[in-house]
Structure formats: structure tokens, C-alpha cells
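Results of the structural survey
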Amino acid sequence: MHQFARQEINRFFSTFDGWKITPLPETAGYDRQYIAERTISGNKESNKVLVSFEKKVPKEKLEQMRSSVMSPYGQVHKGNILLIVPQNSDTSSVPTDVRIHFMNSFAFQGNDLIWTKKPVQKTEEEKAKAKVAA
């Protein structure tokens, strides 16, 4: 699951553009936090990223993300917050200043978290073989 989440983060913060993504220490559960940072022309940009696999995003985690976080180099980060959640998640408690991105790989169907994969394109010949075999 986290490999797919990391791919979602890389869509926003490409290493080609100079972004360095650092995972923060893991907490209990499936949620993960990252810091994406880069320096361009002496200006440091940083973003906090929360990847949540919960149906309803807890306010406590977002408030924790708002607090200052120390980077591996000892600097204090204050920047934008990006929340990455599965499709159909309840984001009603998310403040307006937090950017929300819905994952392409996961979605909620009712209360169940499901993996959404690309539909398989079958040719007419393969469909006919499947009917004969059935």
C-alpha cells in the first residue's frame, strides 16, 4: 500500500524538479507522514505530506501536521500541507488551507478499502474464447 502512496507523492514532488522526500518516524496504524523539500536559488521550499488510509481523516493528525517539524538537518519546517487519501474518503473535517489529493490506486466502497486497478482491455477474440471455456 505504501509503495502506491509513495508513487502518488512522487507525482507532486518529482526528484527531477529537485524535491527530496523524507519519511517521518512511523506512528501506529497505516498512516504515514513525509516532508518534501527542495532549495531553488537559495530559497527553501517545504511541504508536509500526510498519507491516510482512513475513511474519515482525523482532525488530530492534521493539527499535529500544523505544528513545527524538525528536519533531519535540524531546521524547523513551516510550509504547506498536502493530504493524500483514497477516493470516496470523508474530507469534511479538513481545513480549507490543506490541499487534498485523492489516490488513483485506492478507494472506499461503503466502509471497505479496495484497490482500484486499471480495467483490462480484452479483444473480441479473447472474449469469445472465454465464452467457449465457460
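Residues numbered from 1 in each chain as written. Predicted model: local features only at pLDDT ≥ 70, side-chain atom pairs only at ≥ 80, totals over all residues. Heavy atoms only, no water.

Description of the overall build of the chain
Within the chain, the secondary structure is distributed over 3 helices and 8 strands. Secondary structure elements of the chain, listed N to C terminal, follow the sequence α-β-β-β-α-β-β-β-β-β-α. Residue burial in the chain is summarised as follows: out of 134 residues, 36% are buried. Counting contacts in the chain only where the partners sit at least 6 residues apart, residues at least 24 apart contribute 45% of the total. Entry remark: accessible area of the chain is about 8800 Å², with carbon and sulfur atoms responsible for 52%. (Helix = DSSP H or I, 4+ residues; strand = E, 2+ residues; numbered from the N terminus. Buried < 20%, exposed > 50% of the residue type's maximum accessible area, 1.4 Å probe, protein only. Contact = heavy atoms within 4.5 Å. Areas by Shrake-Rupley, 256 points an atom, 1.4 Å probe, with all protein chains shown as cover.)

Regarding the confidence of the model for the chain
For the chain, per-residue confidence averages 80 on the pLDDT scale, and 80% of positions sit at 70 or higher. Looking at the elements of the chain, mean pLDDT is at its lowest for strand S5 (residues 76-77), recorded as 52, and at its highest for strand S1 (residues 20-23), recorded as 90. (pLDDT = per-residue confidence, 0-100.)

Overview of the side chain of Ser105
Relative to the elements of secondary structure, Ser105 occurs in strand S7 (residues 99-109). Once residues within four sequence positions are removed from consideration, Ser105 is found in contact with Phe4, Glu8, Ile114, Trp115 and Thr116.

Quick notes on the pairing of strand S8 (residues 112-115)
Here 4 bridges tie S7 to S8, and the two strands are oriented antiparallel to one another. The partner of Gln109 across the bridge, within S8, is Asp112. Linking S7 to S8, which pair antiparallel, is a turn of 2 residues; within it Gly110 sits at a positive phi near 70°. (Pairing = 2+ DSSP bridges.)

Comments concerning the environment of Leu113
Take Leu113: it is sitting in strand S8. Judged by relative accessible area, which is 31%, Leu113 ranks as partly exposed. A sequence separation of 58 residues divides Leu113 from Lys55, and the C-alpha atoms of the two residues are 8.1 Å apart.

Quick word on helix H1 (residues 2-12)
Considered for burial, the residues of H1 that qualify are Ala5, Glu8 and Ile9. Viewed end-on, H1 has its buried residues packed into an arc of 100°, placing them on one side of the element. Facing away from the buried side of H1, by more than 90 degrees, are the exposed residues Gln3 and Arg11. Taken together, the buried residues of H1 touch S1, strand S2 (32-40), strand S3 (43-51), strand S6 (80-87) and S7. (Arc of directions from axis to C-beta.)

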